[in-house]
Amino acid sequence: MASSLVTDLIVTNGYVLTMDAARRMFADGAVAIGGSKIEAVGRSDEILARYKASHVIDAKGSVVMPGLIDGHNHIMSYFCCGYGDEADIMSRLYDTLYPYETLLTPEEAYFSALGNYIEMIKNGTTCFNDPGGYLVDSLAQAAVDIGIRGIVNRSTRDIAPKGKPLPPQLFEDVETNLREAEKTVHAWNGAAGGRIRAWYSLRYVFNISDRLATGIRDLARRDGVGVHAHVAAVRGENEAVQQIFGKRSLERYYDLGLFGPNLYCVHMGFPNEREVDLLVRHGVKVTHCPSAAMVGAWGVIGNKMIPYMIEKGVPVSIGTDTAGAAGSLDMFRVMYVFATVHRDPYNDPTLIGAYKALEHATIVGAKACLWDDEIGSLEPGKKADLLLVDRSAPEWQHPGRDVVRSLVYSANGSHVDTVIIDGKIVMRHRALTTIDEGWAAGKIRASAAAVRERGGFPVRTAWPVA
Ligand SMILES: [Zn+2]
């Protein structure tokens, strides 16, 4: 018999969902991991016959699956969660979210980001795509320290909305925007052994001049990275953009030459059929935040264009938007909403469903984030980003519900037992291994309290009366 190959870690005896091209599953499967990468995936007996490792994790009674990808998560906004829970999008943006972005110190931003990442890891998210904030060095450093994977991004915007008193530092001239964005990409793209990437951002289409848009387009193409852009997000946006710029949102970005495989459009409830055709033709990517659309009542679900785009072949990731917008950073919740919410306006109970939801939270999400060469599935050669999800609780025992449907319809993030990112165990039996959780919790509480105080955010002491 041939001698065994020696590797670092073997996860064995699990119900393995590979999410590879054939969507192979192994009812008793194993994953062999060497360094940051997956060496082999297969039946437990086969893997154990071929590999030896000093560290073996017995995943009996667990699902073993790729880590979840949160395709749109404003890392900067963690302490802003809840402002505007019941407000329209424009007042949420201009009265709370934008001013808040100037409120934090670098240290508060670090601990706010750390809180964000802790909540993500505890719920099985191993990779995020941030649409852009400020103090990016703090956000990126926290990601490096805790061990999560992600894409960071510096905000750019140069046109202040008329009649809204906003902090002037939010709207920089074109040159400053381009210089600062470029600095972020050069500082962080490829950091932590490639675990951190950095892209360019165009915040909201209203706040972006033509010259800024084309400047970002050129930098992103030169650097070979994505552009994360909020566009066609809410009902009425196209009409308002038309009034200001003379074109619909996507039509404008198309005419500015932004369409290409590295354009990553956020929310996208309101493209028309011609625009979807252009998205497909130019390989544009999309991210969709179903819970955030519901919380904000943007009209995205009712406009029925998300399933239409998916049917036409646009790679659509799913995301939380923020802890505030999605209710939490639990991507299990987002998968459930995505799997079910589009059925109602179509009156079709077969639409999307659990299997598709899991695809969009893993391999399709990876493709949309331009990262499917390394993540999104459990395959030899890919990065070892995986979860053990405990399926011993009563809600996993329904005889008529299979494992994937249990995962999406019955489970939640608290069932995630172990998280491995880049080959490293960052959570084992729900305890983080990379940071002292007690220390982090204290720092996060203190930073949140300081921000609440400085921002003058009121503590409610009376029941709101309609
Ligand atoms: Zn957003």
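Residues numbered from 1 in each chain as written. Predicted model: local features only at pLDDT ≥ 70, side-chain atom pairs only at ≥ 80, totals over all residues.

S.K.: Can you lay out unusual backbone geometry for me, pointing to particular residues and giving the numbers?
M.R.: Positive phi, close to 55 degrees, is recorded for R23, a residue that is not glycine. Here R23 is to be found in the loop between β1 (5-17) and β2 (25-34). Located in the positive-phi region is K304, a residue other than glycine, with phi close to 60 degrees. As for its placement among the helices and strands, K304 is situated in the loop between α11 (290-296) and α12 (305-311). (Helix = DSSP H or I, 4+ residues; strand = E, 2+ residues; numbered from the N terminus.)

S.K.: So what's going on with the packing of helix α14 (residues 331-341) against helix α16 (residues 353-361)? Residues and values would help.
M.R.: When two helices pack together, their arrangement is given by the angle between their axes and by how far apart the axes lie. In contact at an axis separation of 9 Å, α14 and α16 are set at 130 degrees when each is read in the N-to-C sense. As judged from the angle between their axes, α14 and α16 are oblique. Here α14 runs over α16; the crossing is right-handed. Contacts from M331, M335, F338 and A339 of α14 reach α16 at G353, A354, A357, L358, H360 and A361. In terms of residue class, the contact of α14 with α16 is made up of eight nonpolar, two polar and no charged. (Axes fitted to C-alpha atoms, helices over the stretch in contact; angles between N-to-C directions. Parallel < 35°, antiparallel > 145°, perpendicular 65-115°, else oblique. Left-handed = near helix turned anticlockwise from the far one by under 90°. Contact = placed C-beta atoms within 7 Å. Nonpolar A, V, L, I, M, F, W, Y, C, P; charged D, E, K, R; others polar.)

S.K.: Outline α14, supporting the account with residue identities and numerical values.
M.R.: Across the 11 residues of α14, eight count as buried, placing the element largely inside the fold. What α14 keeps buried is the set M331, F332, V334, M335, Y336, V337, F338 and A339. (Buried ≥ 20, exposed ≤ 12 C-beta atoms within 10 Å, placed from the backbone.)

S.K.: A description of helix α3 (residues 106-122) should follow, citing residues and the corresponding values.
M.R.: An ideal rise of 1.5 Å per residue puts 24 Å on 17 residues; α3 measures up with 24 Å between its terminal C-alpha atoms. Burial analysis of α3 places 13 of its 17 residues in the buried class, the great majority of the element. Following α3 by one or two positions, G124 adopts a phi angle in the positive range, close to 85 degrees. (Expected span 1.5 Å × (residues − 1).)

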